[in-house]
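# Reading the structure
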Amino acid sequence: MKYERIRNFVNGSFVNVSSPRTLIITSPTDGTLLAEMPCSSATDLDEAVKAAKAAFPAWSKTPIKERVQVFFRYKYLLEKNLQELAALVSEENGKTLGEAIAEVEKCIELTEFATSLPQLITGEVLEVSKGVECRTSHVPLGIVASIVPFNFPAMVPNWTIPNAIALGNCMIIKPSEKVPLSLNVIAMLLKEAGLPDGVFNIVNGDSEIVNAICDHPDIEAVSFVGSTKVAKIVYQRATQNLKRCLALGGAKNHLLVLPDAKPGMTAQNVAASMSGCAGQRCMAASAMIGVGAVDHIVQKICDEVKKIIPGQNLGAVINKESKERIERYITDAEKQGAKILVDGRGVIVAGKENGTYVGPTVIDYVTPDMAIAKEEIFGPVISILRTNTIDEALVIENANPYGNAASVFTENGGMARYVVDNASAGMIGVNVGVPVPREPFSFGGWNESKFGVGDITGKSSIEFWTKLKKSTTKWNPEEGVNWMS
Ligand code: NAD
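The text that follows walks through the structure, step by step, so that each part is easy to find. (Residues numbered from 1 in each chain as written. Predicted model: local features only at pLDDT ≥ 70, side-chain atom pairs only at ≥ 80, totals over all residues. Heavy atoms only, no water.)

## A few points about the pattern of salt bridges
- In this structure the tally under the stated criterion is 25 salt bridges.
- Put simply, Glu439 and Lys106 hold a salt bridge, and the shortest N to O gap is 3.1 Å. Remark: Lys106 occurs in helix α4 (residues 97–115) and Glu439 occurs in the loop between β18 (427–430) and β19 (450–451); sequence separation between them is 333 residues.
- A relative accessible area of 16% places Glu439 in the buried class.
- Since its relative accessible area comes to 14%, Lys106 is described here as buried.
- Glu334 serves as the salt-bridge partner of Arg345, at 3.1 Å between the closest nitrogen and oxygen. With Arg345 in the loop between β14 (339–342) and β15 (361–364) and Glu334 in helix α12 (residues 320–335), this residue pair connects regions lying eleven residues apart in the sequence.
- A relative accessible area of 22% means that Arg345 is categorised as partly exposed. (Salt bridge = Lys/Arg side-chain N within 4 Å of Asp/Glu carboxyl O. Helix = DSSP H or I, 4+ residues; strand = E, 2+ residues; numbered from the N terminus. Buried < 20%, exposed > 50% of the residue type's maximum accessible area, 1.4 Å probe, protein only.)

## Quick notes on the site of the ligand
- The ligand sits among 27 residues. The nearest are Lys174, Glu177, Ser227, Gly249 and Glu376.
- The separation between an oxygen atom of the ligand and a polar side-chain atom of Lys174 is 2.8 Å.
- Gly226 places a main-chain nitrogen or oxygen 3.2 Å from an oxygen atom of the ligand.
- Here the ligand loses 88% of its free accessible area of 850 Å² to cover by the protein chains.
- In this structure, the ligand is accommodated by the largest pocket.
- Elements supplying a minimum of two residues to the shell around the ligand: α8 (207–215) and β10 (221–225).
- Here the residues of the shell around the ligand sort into 15 nonpolar, eight polar and four charged.
- Each of two domains, domain 1 (8–249 + 449–470) and domain 2 (253–430), supplies a minimum of three residues to the shell around the ligand. (Near = heavy atom within 4 Å. Polar contact = N/O pair within 3.5 Å; in protein donor to acceptor, adjacent residues only side chain to side chain. Areas by Shrake-Rupley, 256 points an atom, 1.4 Å probe, with all protein chains shown as cover. 1 Å grid on protein atoms, 1.4 Å probe; cavity = no way out; pocket = protein on both sides within 12 Å on 5 of 7 lines; lining within 4 Å. Sits in = over half its atoms within 2 Å of the grid points. Nonpolar A, V, L, I, M, F, W, Y, C, P; charged D, E, K, R; others polar. Domains from an automatic or database assignment.)

## Some remarks on empty space enclosed by the protein
- Here the structure, examined in full by the defined rule, presents three cavities of 30 Å³ or more.
- Looking at the largest cavity, its volume works out to about 80 Å³.
- Lining the largest cavity are 14 residues, and of these Gly279, Arg281, Ala284, Ser286 and Phe378 sit closest to its centre.
- Taken together, the residues that form the lining of the largest cavity break down as seven nonpolar, four polar and three charged.
- Here the second largest cavity is characterised by a volume of approximately 50 Å³.
- Taken together, Phe9, Gly12, Ala187, Leu190, Lys191, Leu195, Pro196, Asp197, Gly198 and Phe200 make up the full set of residues lining the second largest cavity.
- The biggest single contributor to the lining of the second largest cavity is helix α7 (residues 182–192), with three residues. (Points joined across faces, edges and corners; volume = space filled by probe spheres on them.)

Here it is, written out as structure tokens:
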């Protein structure tokens, strides 16, 4: 194994996991055995919760302007350790180093936002009757949990860590069992930044520990990011146990391309959106709906896609099962009559024969009834569907159960506005392939891409990570009793 056996991070130190059950972590890029990861049990979770509970009184009572000082230092440490962290992200996840660097840069931006929280959570105060003042304040919840997926080993954890902790909570985070290494570096950076022991804790494991988190009586809130199937399980289990829960799920993002779209720019955006991070992004373009005569744009998309080379500017998918699943979708679509314009099946990268690569794939004449048109593929594959009108395209987009993102490519402002207004997705782009709202705008989809109220980042996350206290004060007894007292 390249790295030491993985341990949990509890009360500021790495500690052994009590359970004997282990998984092996392998690099998707070349099959290198990276580490052995023990799966924590409920007993290991108890230890982490105990540490978080001990840390909570002092941390929650520390003024927020002091708490965010940790995140100013953490931001600096992310910048200082960017290359090292990005290399680890790339190694365990399979994305290219350039993509991993962009991921860490996004962590820096998320942290920057957290440092602005003192400016954003000032409460309201008003003299509501003569001499009587009402005031609101955002109060930390207590011990909160964050359960994260494999596709962004550093960024998705940083959707929750800086905001939840700067707002005064203590956190238990459960990394994906496929990519547990990057979070260890993040733990060390938080400690070096001066975060008190016990405020941030890592519990490694799989579904067993997720269930234990949802059931733990001392955890107040659970955030989850992953597939819709598991988002539903977590949302139902956590809320059944009367916890606050925000669960982000999978996606099937549609790009609507109109004949007047700028061909070069559209092709570059479509190709980058479907292939970035090997298509393993919840914001990846998965289905393109060509409205009317768009063959000239499809041709340019194929030209762009052919410049994307596995092992060079295209990373690996997470594992063999994923590669097989993606290739199965392509083969099934072909059997059902779709036309493969660029075929990424059967790719082997020289020198990385044990890597799990799928080449970029463009499939035309996909029909809405095919599985590849409806389901999340999570690979570098774009299915092209054809309609005559924008309304037919919107019917297809609206019918999909997911609702993370959608984009329209056109030069016509009225058409663009029509799609923005009528697409059923939480994040919409106009001539933008990956319409991720940058901070301070919040991230979150609709429909089966998210369960719970509010979004996970930006200003919206303040409501999720805090509870509102309303206080009414009167210091002037001469005013006597008013209508409400
Ligand atoms: P996943 O749902 O398999 O796993 C996510 C987390 O849930 C992991 O920590 C895993 O250990 C845990 N888990 C897995 N199965 C479980 C079960 N049966 N019971 C309880 N916990 C379980 O997701 P993944 O494969 O790691 O990540 C890819 C998925 O995440 C895609 O569907 C992608 O769209 C989605 N995703 C969504 C967003 C978003 O913002 N909506 C962002 C990133 C990823």
